[in-house]
Amino acid sequence: MKQLSEKVAGIAPSATIEISNKAKKMQREGIDVISLSIGEPDFDTPKHIRDACIDALNRGETHYAPSNGIPELLTAISDKIAKENKFPCKPDQVIVTCGAKDAIYEGMEAALNPGDEVLLLTPAWVSYEPCVQMANGKIVKHAVNQKTFQLDDSILERINARTKMIVVNSPSNPSGAVFDAKSMKLVADLCEDHDIYAMSDEIYEKLVYGKEHISLASIGDMAQRTITINGFSKAYAMTGWRLGYAAAPLAIIKEMSKVQQHSVSQATTFAMWGAVAALKGDQQCVGEMRREFDCRRKYMIAELNRMGYGTAPADGAFYAFVKVDGDDMAIAARWLEEGHVAVTPGSSFDAPGWIRLSYAASLDRLKEAMGRIERVGGN
């Protein structure tokens, strides 16, 4: 047999999905595993969104749609961006994708040439680096300040003539940190001074607690060089719908569209009508979920601190990022095997010595999980 792709062979599987799969296998074996390893809200998709999808099915919206998305959704997204994210965006500057992860992949393929360097701010979500690898780019990593989880001038040392893109994720998965105006301005200045593109992953923008979410494209002329990534999974509890989107300069969207046309073709037609309802409908559901996440956040952080664990600033998303004294991989394995609590080791995010716990589970299950972790121990 001839050798398979060396490029794909060199890409690691998704750590979060691997751990989630292991937890589900244990559950099928009858073990009561509490999974805090994957970023999935435990809420049902709001009814008015489900109803809009059902209505679309019933009226026959089951055929091919324009590859970039139905016009109604492209308009709803561009209107939302102009109003909430505060940068200009026309419908033809938007592409609807099969999840935000798909938008990230397409954006990397559209922007990168072999050997182009992409500056990745760590700790970083597990799929950024593989997406760069698949686009034949080269990753350069820069750790944020481990106390504040903000940026400082040390990032300047990572910039050179080969730097093509900076990836920004605020609110952050895994740390939950929200970049402040100073950090965002530093990124914008670097991009403008050195002619660098930015990819700004804002999938958790609706889940911010007591801080301000700033869209990178709203700073200066960053809208001319930023691929803004977003979607419906986190804010509207629509993970299984696989709907994301990107907003970018028209030239980039045209290249992303080629990737989409020759791979997935388009997002699911009837699902896109649910997304229209999500953006144009009552937003009370988002506020209700955010308040519940905030309640869980406060409980989990307080419990972890009481146990003696240090935590990153949990200002956004739905993760507690916990400092452990020892091998994070071994501790995470012990919590799963002995405590039956699935978590994600920080090494998966280029942050050894940390562990990520999701509080997107019910408060009752979180309380049970904290009790198990305390019994097993870790520090």
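Everything discussed here concerns the structure shown above.
These numbers were taken from a predicted model, which means no experiment stands behind them. (Residues numbered from 1 in each chain as written. Predicted model: local features only at pLDDT ≥ 70, side-chain atom pairs only at ≥ 80, totals over all residues. Heavy atoms only, no water.)

A.B. asks: Explain the sheet that holds strand 5 (residues 163-169) here, please?
C.D. replies: The pairing of strands in a sheet comes from backbone hydrogen bonds and takes either a parallel or an antiparallel form. Read from one edge of the open sheet, seven strands run 2-8-7-6-5-3-4, paired in mixed fashion. Where the open sheet ends on each side, the last strands, each with one partner, are strand 2 (94-97) and strand 4 (138-143). Put simply, the sheet's adjacent strands are angled 20° from each other on average, direction ignored. Bridge count for strand 6 (residues 197-201) against strand 7 (residues 226-231) is four bridges, and the pairing is parallel. Across the sheet, Met199 pairs through a bridge with Ile227, a residue of strand 7. Contacts from helix 5 (residues 100-111) reach strand 2, strand 5, strand 6, strand 7 and strand 8 (244-247) within the one sheet, and its direction differs from that of strand 7 by about 165°. (Pairing = 2+ DSSP bridges. Helix = DSSP H or I, 4+ residues; strand = E, 2+ residues; numbered from the N terminus. Axes fitted to C-alpha atoms, helices over the stretch in contact; angles between N-to-C directions. Contact = heavy atoms within 4.5 Å.)

A.B. asks: Quick question: what am I supposed to make of the environment of Asp282 here?
C.D. replies: Mapped onto the elements, Asp282 comes out in the loop between helix 9 (269-280) and helix 10 (284-306). For the pair Asp282 and Gly231, spaced 51 residues apart in sequence, the C-alpha to C-alpha distance is 17 Å.

A.B. asks: Looking at this structure, how should I read the environment of Trp273?
C.D. replies: By secondary structure assignment, the location of Trp273 is in helix 9. Between the alpha carbons of Trp273 and Phe318 there is a distance of 27 Å; along the sequence they are 45 residues apart.

A.B. asks: It is not clear to me how the side chain of Gln150 should be interpreted in this structure. Could you clarify?
C.D. replies: With respect to the element layout, Gln150 can be found in the loop between strand 4 and strand 5. Assessed through its relative accessible area of 13%, Gln150 is described here as buried. A polar side-chain atom of Gln150 sits 2.8 Å from a polar atom in the side chain of Ser183. When neighbours within four sequence positions are excluded, Gln150 is seen to be in contact with Val144, Asn145, Val178, Phe179, Asp180 and Ser183. (Buried < 20%, exposed > 50% of the residue type's maximum accessible area, 1.4 Å probe, protein only. Polar contact = N/O pair within 3.5 Å; in protein donor to acceptor, adjacent residues only side chain to side chain.)

A.B. asks: How should the side chain of Asp315 be read in this particular structure?
C.D. replies: In this structure, Asp315 sits in the loop between strand 9 (310-311) and strand 10 (319-323). Among buried Asp, Glu, Lys and Arg side chains, Asp315 stands out as unpaired, with Lys211 the closest opposite charge at 4.4 Å. (Lys, Arg positive; Asp, Glu negative; His and termini not counted. Salt bridge = Lys/Arg side-chain N within 4 Å of Asp/Glu carboxyl O.)

A.B. asks: Would you explain the packing of aromatic side chains in this entry?
C.D. replies: Geometrically, a pair of aromatic rings is defined through the distance of the ring centres and the angle of the planes. All chains considered together, the criterion is met by 13 aromatic pairs. Here the aromatic rings of Trp125 and Tyr128 are separated by 5.2 Å at their centres, their planes lie at 80°, and the arrangement is edge-to-face. Of the two residues, Trp125 and Tyr128, neither departs from the other in class, the shared state being buried. Between Tyr309 and Trp335 the ring centres are 6.2 Å apart and the planes differ by 90°, which places this aromatic pair in the edge-to-face class. With a gap of 26 residues between them, Tyr309 in the loop between helix 10 and strand 9 and Trp335 in helix 11 (residues 328-339) connect regions that are remote in the sequence. For Tyr309, a relative accessible area of 5% corresponds to the buried category. Feature note: the residues Phe43, Tyr204, Phe293, Phe318 and Tyr319 constitute an aromatic cluster, connected by ring pairs. Above the plane of the ring of Trp273 lies Arg59, whose end atom (NZ or CZ) is 4.6 Å from the centre. (Phe/Tyr/Trp six-rings, centres within 6.5 Å; stacked < 30°, edge-to-face > 60°. Lys NZ or Arg CZ within 6 Å of the ring centre and 35° of its normal.)

Just distances and angles here, no functional claims.
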